[in-house]
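# Structural description and commentary
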Amino acid sequence: MPVWAPVGLLLTMVGLGTLSAASRALEEPGNLVPTSSPAAHAAAFAKCRNGSQLTCVVDGDTFRLDGLKIRIADIDTPETYRAGCVAERTLGDAATIRMTQLLNAGPFTMQRADRDEDVYGRKLRVVMRDGQSLGEILVAEGLARRWDGARHPWC
């Protein structure tokens, strides 16, 4: 059994409450964690109401997990805070609600994107459950579009 396997097993057995410092360390560059077996994460998510929550959903493509800011790397969702029009805000709110449901549906894994962080210091991750991207679920439901490296207007 690989030396890292007991860590994943232990995280599974203790219920995966939030992203601990130990599991964050496993994802940092230089630590030997096979990309085929990323650590599983689970927590109780709600919409972020202010800057004090450590675990919450900011919008359809951004969330916090144990204080770590994560940008879902494979999608773009409409803005909710600085929406350009009512239709964008409405769709953005729906994407936020749906991503909250998806994150709360059970353990998920995060895989690094082509870069570790964006210009805002958020970790860029593809969020997966059972081999399926949670972002792709939003795309299929019409609540997001695939990230192509550039922002495009929603209005």
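In the block above lies the structure referred to throughout.
Rules used in this analysis
- The residue count restarts for each chain, going from 1 along the sequence in the order it is written.
- Totals for whole chains, interfaces and linings use all residues, but because this is a predicted model, local features are given only for residues with pLDDT of at least 70 and pairs of side-chain atoms are given and counted only at 80 or more.
- The basis for every side-chain value is the complete set of heavy atoms in the structure, and neither hydrogens nor water enter the calculation.
- Any Lys or Arg side-chain nitrogen found within 4 Å of a carboxyl oxygen on Asp or Glu counts as a salt bridge.
- Only DSSP runs of H or I reaching four residues or more are called helices, and only runs of E reaching two or more are called strands; each is numbered from the N terminus.
- Each cavity reported here is a set of points on a 1 Å grid over the protein atoms alone in which a 1.4 Å probe fits but cannot get out, each pocket an open set with protein on both sides within 12 Å along at least five of seven lines, and each lining residue one with an atom within 4 Å of a point.
- Grid points are joined across faces, edges and corners, and a volume is the space filled by probe spheres set on the points.
- Any residue outside Ala, Val, Leu, Ile, Met, Phe, Trp, Tyr, Cys, Pro, Asp, Glu, Lys and Arg is labelled polar, Gly included; the first ten of those are nonpolar and the last four are charged.
- A 1.4 Å probe rolled over the protein chains alone gives each residue an accessible area, and that area as a share of the maximum for its type sets the label: buried under 20%, exposed over 50%, partly exposed in between.
- Under the convention used throughout, the expected extent of a helix is 1.5 Å for every residue step, that is, one less than its residue count.
- Taken from the helix axis, the directions to the C-beta atoms give the arc we talk about.

## Structural notes on the pattern of salt bridges
Oppositely charged side chains may form a pair once their charged atoms are brought near each other. Scanning all chains against the criterion turns up 12 salt bridges. The closest approach of N and O atoms between Glu-79 and Arg-151, which form a salt bridge, is 2.5 Å. Of this pair, Glu-79 sits in the loop between strand E5 (75-76) and helix H3 (86-104) while Arg-151 sits in the segment after strand E9 (145-146); the two residues are 72 residues apart in sequence, bridging distant segments of the chain. Between Lys-123 and Glu-117 there is a salt bridge, and its shortest N-O distance comes to 3.3 Å. Linked through salt bridges whose partners overlap, the residues forming this network are Arg-112, Asp-116, Glu-117, Lys-123 and Arg-125.

## Overview of the layout of surface pockets
Regions of empty space are outlined by a rolling probe, equal in size to a water molecule, passed over the atoms. If you add up the space inside the largest pocket, you get close to 700 Å³. Put simply, the parts of the chain that give the lining of the largest pocket at least two residues each are strand E2 (56-59), strand E3 (62-65), strand E4 (68-72) and strand E6 (108-117). Residue composition of the lining of the largest pocket, by class: 9 nonpolar, 2 polar and 12 charged.

## Examining unusual backbone geometry
The phi dihedral of Asp-66 falls on the positive side, at around 55°, and the residue is not glycine. You can see Asp-66 is positioned in the loop between E3 and E4. When its relative accessible area of 23% is taken as the criterion, Asp-66 is described as partly exposed. Notably, Asp-130 is not glycine yet its phi reads approximately 50°, a positive angle. Examined against the element boundaries, Asp-130 turns out to sit in the loop between strand E7 (123-129) and strand E8 (132-133).

## A few points about H3
Working note: α-helix, 3.6 residues per turn, so residues spaced by three or four point in the same direction. Compared with the 27 Å implied by 1.5 Å per residue over 19 residues, the 27 Å span of H3 between its first and last C-alpha is a close match. Turning to H3, its buried residues are Glu-88, Gly-92, Ala-95, Thr-96, Met-99, Thr-100, Leu-102 and Leu-103. The buried residues of H3 all sit within an arc of 160° when viewed along its axis, so they share a single face. In H3, the exposed residues that point more than 90 degrees away from the buried face are Val-86, Ala-87, Thr-90 and Ile-97. A positive backbone phi angle near 145° is found at Gly-106, which sits one or two residues after H3.

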